[in-house]
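Observations on chain architecture
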Amino acid sequence: MTPPTTTPVLQTLSAQQVEGLKQRISGALSYIVNTNSLTTYFRNAPLLARYRTELQLDATHDLAAVPGTSTPGVNLGTFSKSVPLSTYEDYRPYISRFMETPCLQSSVDSLLAPGFPAFIATSSGTSGGSAKYFPKYMHPMKWTVSSMAASTPEVDGPTKCAMFSLRYTHTLDILDGQGAAKKIPFSFVAAGTLRNYHEWGIEDDAELIKTRISGQVTPVAVAFIKSYHTFLLLHALFAMSERSLTTFNTTFITIFSDLVRLIKDHWEDLVRAIETGEIPNFEGLDDLRPHIQTHLHPRPDRAEELRKIGANMHAVGWLKQIWPNLTLVIGNATGPFSAVLPSVQISVGPSVSVQSIVYASSEAWVGTIYNPKSGDNLYKIETANDVFEYLDVEQPESAEYVTQAWDLEVGKKYEVILTTRDGFWRYRQGDVLEMIGFAPEDGSPLFRFLERRNAVMRVAGEFVSEAELHQAVRSIEDDIGRVTEFTVVVDDRRFPQRYGFLLELESELEPGFRAHAVPHRLQEFLASTNSTFARFNSDSVVGEPSVRVLAAGTFSGYRSWKVGVSGGGSGQTKVPTIIYDPEARDWLLGHVVQELGAERNMKIGFLARWLRYRSLKILDRM
């Protein structure tokens, strides 16, 4: 990752910078087209029919003799006018071949990109939709190395706690003509990428679980633990035993927040384990226990030091007392993950930097944080590997309105459009970003993440975005205190249906708190900021929101439950802002400890039903 300069962010680009940006993007596109032109998808997909015609490909689909393909400008211009936007449904019939039984080599060889995938990334399906699968292929190692280097920046001191999973849910056997099988793992993208970076195949796992990487406090076997809570507790155990720890690194800052809570809740068990050198009887260790136990040794002096510190997670800088050399906590703290950031900063203290480093998704590595110590969460878009284009959210959703990087306008909101080395073409990734400016060192776009474009809450004809729901929750924090995490479900317990806010609070509500006012404040805020909500709410089609408080630690428990249900790794489990999945909703509702304004809502609900009844009676008489 190129270090940012102290030069202010650019609002426009010079002609020279525009040309440099065009060359990098065109070069990336030329690589993708030339590399993937012989794949099944490129040769057969209706999506690319016009592009194939424009390229004047012969029967072999060989680009070598096609005039102009070596000229980046020609290639980019042809591409822009010939390839429409795509969604996952354009790839599902092809990707589904990996799910066939048996899965034959002839069916999936060079399907989306050359050869076979190194792994198949599984999306979390957080909004209740079915999981999506993204075959991830091997590419020149220099790109993987640069990406991983950006996610694990160098820090002073050798001692780190990297909380990543290496688990996979299952493997796919791809059979050749003689019946021999090539095994491909299904995993979250973080686990698969980490394996690729270190060149760890699943056949290496038996030896890998016996090791500990130099500079890491936790043995590798912990990365194979299925139970989310046990995964975190073992990281906590080895981290607490090492006073010189400098860095925590994980995917999302909510995972680090869960770690802090578990340290508090299991303080004495962890300290005793450090004292005796014996791992507690945590669930889910099974055959991994001996491989982990061999790395834990009795440290009674360290245990005594920890007992003197005590488990006071709400004290400013408590974790700095446990680890005096702690300087950096890495984890995505943007968007829906930002709610826990204040409590995390209190725990580590002002001298410890909490940084978001990378912006990635199951589909692609999008970019890296720009000037991570600034705290402004600006991401610098990658412009040399995959191809990123941008769709103005205020324009019609078609390819003719796609904007190139050098034509972006500061202050506008854009949806990300991806063309990837893994064989996706002008794919609507769905993230909405706000354009902030251009990096002065190379002209790359700088964005701030806002929300998911198609993740909206609705119970009737209204549309309320994730960003608006987050703003609504922030608007009631003066009344109820800080909300550490939340989600929204459809509350259909009474007529009319309403938004059901499920909140976890940083501290208990004060005695005498006027709970009945909170749902009404949410209603007023949403009505004042979203005209569609205001219209349907005023017509009594959408009711006043309900607000239910969850027990402390519920969302941490939810992540653990989701890991158990999915069978995936512990490093990439998210709580969605909006949940439609009935199983996930019911699990959370089982942890409600209080409903705010319940008595008032019952009266309002009764009145609404009575008015509806009276209206029907009047109509009967007409």
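Here, every reference points to the structure presented above.
Residues numbered from 1 in each chain as written. Predicted model: local features only at pLDDT ≥ 70, side-chain atom pairs only at ≥ 80, totals over all residues. Heavy atoms only, no water.

1. Some remarks on the packing of aromatic side chains
The criterion, for reference: Within 6.5 Å between ring centres, the rings of Phe, Tyr and Trp (the latter by its six-membered ring) count as paired, and their orientation is classed by plane angle as stacked under 30 degrees, edge-to-face over 60, tilted in between. Only DSSP runs of H or I reaching four residues or more are called helices, and only runs of E reaching two or more are called strands; each is numbered from the N terminus. Only protein chains enter the calculation, and the probe is 1.4 Å; a residue is then buried if its accessible area is under 20% of its type maximum, exposed if over 50%, and partly exposed in between.
Following the criterion strictly, the structure yields 25 aromatic pairs and no others. Here the aromatic rings of Tyr-41 and Tyr-94 are separated by 4.8 Å at their centres, their planes lie at 70°, and the arrangement is edge-to-face. Placement of the pair is Tyr-41 in helix 2 (residues 40–44) and Tyr-94 in helix 5 (residues 92–95), with a sequence separation of 53 residues. Taking the relative accessible area as the measure of exposure, Tyr-41 reaches 1% and is therefore buried. Geometrically, the ring pair formed by Trp-267 and Trp-318 is tilted, given 5.9 Å between the ring centres and 45° between the ring planes. Remark: Trp-318 occurs in helix 15 (residues 318–322) and Trp-267 occurs in helix 12 (residues 267–276); sequence separation between them is 51 residues. With respect to burial, Trp-267 and Trp-318 carry one shared label: buried. Taken together, the ring pairs in this structure connect Tyr-41, Tyr-88, Tyr-91, Tyr-94, Phe-134, Phe-424 and Tyr-427 into an aromatic cluster.

2. Notes on the sheet that holds strand 20 (residues 483–491)
Short version of the rule: Strands are labelled as partners when DSSP assigns at least two bridges between them. With axes taken as lines fitted to C-alpha atoms, and helix axes fitted only over the stretch in contact, angles between N-to-C directions fall between 0 and 180 degrees. We call two residues in contact whenever any of their non-hydrogen atoms come within 4.5 Å of each other.
One open sheet holds the four strands; their spatial order is 20-21-22-23, and the pairing between them is mixed. Edge positions in the sheet fall to strand 20 and strand 23 (592–596), since each of these pairs with one other strand and no more. Strand-to-strand twist in this sheet, taken as the mean axis angle between neighbours without regard to direction, amounts to 25°. Summarising the sheet, strand 20 and strand 21 (residues 498–505) pair through eight bridges and their orientation is antiparallel. Looking at the pairing, Val-490 lines up with Tyr-499 of strand 21. Across the sheet, helix 22 (residues 582–589) touches strand 20, strand 21, strand 22 (546–550) and strand 23, and the angle it forms with strand 20 is around 125°.

3. Details of the pairing of strand 7 (residues 247–252)
Counting buried residues in strand 7 gives six out of six residues, a clear majority hidden from the surface. Strand direction decides the pairing type here: strand 4 (residues 160–162) and strand 7, joined by three bridges, are parallel. Each residue of the ladder has a partner; that of Ala-162, found in strand 7, is Asn-249. The sheet contact formed by strand 7 and strand 8 (residues 328–332) spans four bridges and is parallel. Of the residues in strand 8, the one forming a bridge with Phe-252 is Asn-332.

4. Examining the sheet that holds strand 17 (residues 445–452)
Read across the open sheet, the eight strands follow the order 10-11-12-17-16-15-13-14; overall the sheet is antiparallel. Pairing within the sheet leaves two strands with one partner each, and these edge strands are strand 10 (358–360) and strand 14 (402–403). In the sheet, strand 13 (residues 387–392) pairs with strand 15 (residues 413–419) via six bridges, with the strands oriented antiparallel. Along strand 15, the bridge assignment pairs Phe-388 with Leu-418. Sheet contacts for helix 1 (residues 15–36): strand 13 and strand 15; angle to strand 13, the most-contacted strand, approximately 115°.

5. Points about the nonpolar core
Stated precisely, the cut-off is as follows: Residues enter a nonpolar core if they are buried and are Ala, Val, Leu, Ile, Met, Phe, Trp, Tyr or Cys, with the set joined through side-chain atoms within 4.5 Å.
Membership of the largest hydrophobic core comes to 65 residues, with the highest contact counts inside it found for Tyr-41, Tyr-91 and Trp-425. With seven residues, the top contributor of residues to this core is helix 1. Membership of the second largest hydrophobic core comes to 63 residues, among which are Ala-223, Leu-326, Val-352 and Val-563.

6. What to know about the environment of Ile-95
Note on placement: Ile-95 falls in helix 5. In this structure Ile-95 comes out as buried when scored by relative accessible area, which is 2%. Separated by 54 residues in the primary sequence, Ile-95 and Tyr-41 place their C-alpha atoms 10.0 Å from one another. In contact with Ile-95, not counting residues within four places along its chain, are Tyr-88, Leu-111, Leu-112, Tyr-133, Pro-135 and Phe-424.

7. Here we look at the packing of helix 10 (residues 228–241) against helix 12
We apply this condition: Reported orientations rely on four angle classes, namely roughly parallel under 35 degrees, roughly antiparallel over 145, roughly perpendicular from 65 to 115, and oblique for the rest. Left-handed describes a crossing whose near helix is turned anticlockwise from the far helix by less than a right angle; the clockwise case is right-handed. Any residue outside Ala, Val, Leu, Ile, Met, Phe, Trp, Tyr, Cys, Pro, Asp, Glu, Lys and Arg is labelled polar, Gly included; the first ten of those are nonpolar and the last four are charged.
Relative to each other, helix 10 and helix 12 sit at 55°, their axes nearing to 10 Å. One way to sum up the angle between helix 10 and helix 12 is to call them oblique. As for the relative orientation of helix 10 and helix 12, their crossing is right-handed in sense. Between helix 10 and helix 12, the residues in contact are Leu-233, Ala-236, Leu-237, Met-240 and Ser-241 and Trp-267, Leu-270, Val-271, Ala-273 and Ile-274, respectively. Split into classes, the residues belonging to the contact of helix 10 with helix 12 amount to nine nonpolar, one polar and no charged.

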